[in-house]
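Chain by chain, the residues run as shown.
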Amino acid sequence: GAVVSQHPSWVICKSGTSVKIECRSLDFQATTMFWYRQFPKQSLMLMATSNEGSKATYEQGVEKDKFLINHASLTLSTLTVTSAHPEDSSFYICSAIGRLSNQPQHFGDGTRLSIL
Amino acid sequence: GEDVEQSLFLSVREGDSSVINCTYTDSSSTYLYWYKQEPGAGLQLLTYIFSNMDMKQDQRLTVLLNKKDKHLSLRIADTQTGDSAIYFCAEKAASGTYKYIFGTGTRLKVLA
């Protein structure tokens, strides 16, 4: 149980385009989802926390107009990188938790984003 | 401050035990977690421990928690080559936001 699916797993696109990444909880209702960014050989950096039906809470230094997060249902959150540039290239990972406060975060397999 | 620290590298021989250490700073953390990350993949939850426990064992994995020293360890018995990965400890922030603070990660290399 507690499977989180992330799509796409790898995307390459030109500078200036927008890219949408999906995060789905397949077998549970995710009241809260998290979006992380991971640079090579580094730990995870939390970008934002999204709760179903409300605006995402962004961490300090993360541009909310650059990284648009939508959590429209209990099983789907999306991260859109708008007007992507090479410096946005990174590994993006989502995670989700269910309704109970003691449940651990379950992670997707990540999306490798390469901006040319 | 909220820092979770781990040693960067660990190398062991196949069949030996591995011990990965983690120190954290928030004494009010309620849960502590161990995740495994293989190359190019997301994080896989290995195990977690509630802060009122000292030890938790799950098959080859043993978690020890020393709250006084804010020290967490993960022992992997009979380490296999498939255990080679990066291991992250994480503490659940006590602020009620469900956020985790991740450690720096330990790269475990298992030698055949």
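Quick note: structure is the one above.
Conventions we followed
Residues numbered from 1 in each chain as written. Chains lettered and ligands numbered in written order. Predicted model: local features only at pLDDT ≥ 70, side-chain atom pairs only at ≥ 80, totals over all residues. Heavy atoms only, no water. Patch = residues over 30% accessible without salt bridge, like charges linked within 9 Å, V, L, I, M, F, W, Y side chains within 5 Å. Areas by Shrake-Rupley, 256 points an atom, 1.4 Å probe, with all protein chains shown as cover. Salt bridge = Lys/Arg side-chain N within 4 Å of Asp/Glu carboxyl O. Helix = DSSP H or I, 4+ residues; strand = E, 2+ residues; numbered from the N terminus. Pairing = 2+ DSSP bridges. Core = buried A, V, L, I, M, F, W, Y, C linked by side-chain atoms within 4.5 Å. Buried < 20%, exposed > 50% of the residue type's maximum accessible area, 1.4 Å probe, protein only. Contact = heavy atoms within 4.5 Å.

## Some thoughts on a nonpolar patch on the surface
Logical step 1: A cluster of nonpolar side chains, Trp-10, Ile-12 and Leu-116 of chain A, forms an exposed patch at the surface whose accessible area comes to about 400 Å².
Logical step 2: With respect to the helices and strands, Trp-10 of chain A occurs in strand β2 (residues 10–13).

## With respect to the sheet that holds strand β3 (residues 18–23) of chain B
All names here are of chain B.
Logical step 1: As summarised here, the arrangement of the five strands in space is β1-β3-β8-β7-β6, forming an open sheet in which the pairing is antiparallel. The sheet terminates laterally at β1 (5–6) and β6 (55–58), the two strands that pair on one side only.
Logical step 2: For β1 and β3, the ladder comprises two bridges, and the chain directions are antiparallel. Paired with Gln-6 across the strands is Cys-22, a residue of β3.

## Brief notes about the nonpolar core
Logical step 1: Membership of the largest hydrophobic core comes to 24 residues, with the highest contact counts inside it found for Trp-35, Phe-67, Leu-79, Tyr-92 and Leu-113 of chain A.
Logical step 2: Elements that contribute at least two residues to this core include exactly β2, β3 (19–25), β4 (32–38), β5 (44–51), β7 (67–73), β8 (76–81), β9 (90–97) and β11 (111–115) of chain A.
Logical step 3: Excluding residues within four positions of it along the chain, Leu-79 of chain A makes contact with Val-19, Lys-20, Ile-21, Trp-35, Phe-67, Leu-68, Ile-69 and Tyr-92 of chain A.
Logical step 4: Of all hydrophobic cores here, the second largest spans 22 residues; its members include Val-4, Leu-32, Tyr-87 and Leu-108 of chain B.

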